[in-house]
Amino acid sequence: FDKANRERLRPVYHHSPAYGWMNDPNGMFYKDGIYHLYYQFNPYGSQWENMHWGHSTSRNLIDWTDEGIAISPDALGTVFSGSAVVDKNNTAGFGAGAIVAMYTSAGESQTQSLAYSTDDGKTFVKYDRNPVITADVPDFRDPHMFWYEPTKRWIVILAAGQEMRLYSSANLKDWTYESSFGQEYGNHEGVWECPDLMQLPVRNTDKQKWMLICNINPGGPFGGNATQYFTGYFDGHRFVCESKPQVTKWMDYGKDHYAAVTFDNAPNNRRIIMAWMSNWQYANQVPTKQYRNANTLPRDLYLYEYQGETYVGIIPSPELLALRGKAIAKNLGRGKKTFNAGNGAYEIVVEIKSAINGRSIITLQNGKGEAVSMTYDVKAGTFAVDRTKSGDTSFNESFSSVTVAPVRGKLSTLRIFVDKSSIEVLDAEGRLAITNTVFPSEPYNVLIIDNEKGNKTAATIYNITK
Ligand code: FRU
C-alpha cells in the first residue's frame, strides 16, 4: 500500500497517504520499538472533509507502513486533531500500557473526546462518557496530553480561540481547569491551533526550560500558517512566558510547516517533532491527484540561548543519516555541476568553509529551466529560499514565494533534503529550518553555486537509499 501509489510527485522518503487527503499529524507516540503516527485523514477524496484519524507505523521514523483507519466519526462529530499517551500505570483503568487518545469531536460544537486502545494503537474503543471537556468557545480544539511527574497529574493543553488552556487530571477522564496562556503574547493574526508543551534542555548549560508550541493560521511570516513558540516555565498549573509579550518566535521559516507536535514517550528523552508539510492557503489545490500533502522529516529539538533570548534548535533526526547512499558529487565550490538526480530524492550537504561578507547562492535547476535558489547572505544574517520559478506555481497565487530566515550566529553545515515535491533546508547544528514544497515538472539535476567575496563551500550530494 505505502509503495503502491507511484504518482509522479509523491515523496520517496516522506510520510504521505497513498490516497486521500491528509492534514495534521495526530496522537504520535512510541512504544516497544515502534513509532505511531496518526493523521487527519479523508479516506473518501483528496480534499479536506470527513475527518478521520489515519494510522501509520515505523521503526525508524522514515519507512512508514499503513495501518488503516484508527478513529472514525460518530454522533458527536468528525474526528479532529489530538494526541495520545501511553498509560503505563493504568491511571484511566483501561489497562496497563493502554494507549489513550484525546481528540476534538467536531459537531455542532467542538468538544474533547477519549478513545483507548488495548492492542498498541491498532484499534480504538471510544470512551462511553464522551465528551470529557467542553467549553463555550467556538474554536476549542486540538488537545495535547502529557504526564507531569512532580504533581503526578496528566496535563492537557488545548487551543481556545486566541489562547491556550491547561487542564489537569489524575485519571485522563475527569479534567480540572488550571489556567490560560497567551491573550497578550505573540502573534494573533490567526486562530491558535495544535499546541504542545514540553521541557527541553538548554544546550551548553545545565538548565531546562519549557517550550509552548502554538500553531497559527493565518498569521505566518510569509502568509497562511506557521508554527510559533514561547519559552519559559511551567509548574504543573501555569505556563509563564519569559519573553516580552510582543516577542514572536517562529520554528520554521518556510511556507510549509504546520500543526507541528511531538511524540509521547519517545526513547532516550528525545523530543521528536513532525509537521504537516503544507499550507492552508493552497493545500486543497496542490497539483497531485490521488493523495494530497505529506509530513516533514522527523526532527529532534533542544533549546539554546542567543543574545538574551532562548530559541529552539531543530536537528534532522539521527535516523536520517542511515538514508545517505553514495556521494553523487563531492567537494563542490563555485561553479555548475550536473548530477544524476535519480528519482529526485537526495541530500545536499553544504559545508560553509568560510563565510566572509558576501552571499553564497545555491541554485537547483532542471532541464526545463525550473529552479529554486537558496541564498545565505552573511552580512545581512539571512537565509532565503526562492521558489518563484520552482515549477508549477499556477494553482494558487499565494504559492509563489521567497521566504527568509534570520541566521543567529554563523552557519557551518547545511543539510538540504530534497524529495520529489519538497525542499527542507536544515542546519546540522539546529539553528535554521526552512521547509517549502515545490512541484517541478522533472527532478532538479543541476547544482549551481555562486560564492561571493571569498566565501567558500564544499558541497556533497548524496543519493537517498530507500
Ligand atoms: C489545523 C486544524 C486543527 C483541526 C484540524 C481539522 O490544521 O484546523 O485545528 O483540529 O485541522 O482537520
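Student: For this particular structure, what's the right way to read the confidence of the model for the chain?
Tutor: Note: predicted coordinates in regions of low pLDDT should not be interpreted at a detailed level. With 99% of its residues at a pLDDT of 70 or more, the chain shows a mean pLDDT of 97. In the predicted assembly, ipTM is 0.98 and pTM is 0.97.

Student: Quick question: what am I supposed to make of the packing of aromatic side chains here?
Tutor: In this description, an aromatic ring pair is defined by two values, namely the gap between the centres and the angle between the planes. Evaluation of the coordinates by the stated rule reveals 34 aromatic pairs. Centre to centre, the rings of phenylalanine 29 and tyrosine 38 are 6.3 Å apart; their planes meet at 20 degrees, and the pair counts as stacked. You can call phenylalanine 29 buried: its relative accessible area is 0%. Residue class for tyrosine 38 comes out buried when judged on its relative accessible area of 0%. On the numbers, 3.9 Å between centres and 5 degrees between planes, the contact of phenylalanine 94 with tyrosine 116 is stacked. One end of the pair, phenylalanine 94, is in the loop between strand 5 (78-87) and strand 6 (98-106); the other, tyrosine 116, is in strand 7 (residues 110-117), and 22 residues separate them in sequence. With respect to burial, phenylalanine 94 and tyrosine 116 carry one shared label: buried. Three or more aromatic residues joined by ring pairs make a cluster, and in this case those are Phe29, Tyr38, Trp53, Tyr103 and Phe124. Taking the ring centre of tyrosine 302 as reference, the NZ or CZ of arginine 203 above it sits at 3.8 Å. We note lysine 249 situated over the ring of tyrosine 311; from NZ or CZ to the ring centre the distance is 5.5 Å.

Cut-offs applied
- Residues numbered from 1 in each chain as written.
- Predicted model: local features only at pLDDT ≥ 70, side-chain atom pairs only at ≥ 80, totals over all residues.
- Heavy atoms only, no water.
- pLDDT = per-residue confidence, 0-100.
- Phe/Tyr/Trp six-rings, centres within 6.5 Å; stacked < 30°, edge-to-face > 60°.
- Buried < 20%, exposed > 50% of the residue type's maximum accessible area, 1.4 Å probe, protein only.
- Helix = DSSP H or I, 4+ residues; strand = E, 2+ residues; numbered from the N terminus.
- Lys NZ or Arg CZ within 6 Å of the ring centre and 35° of its normal.

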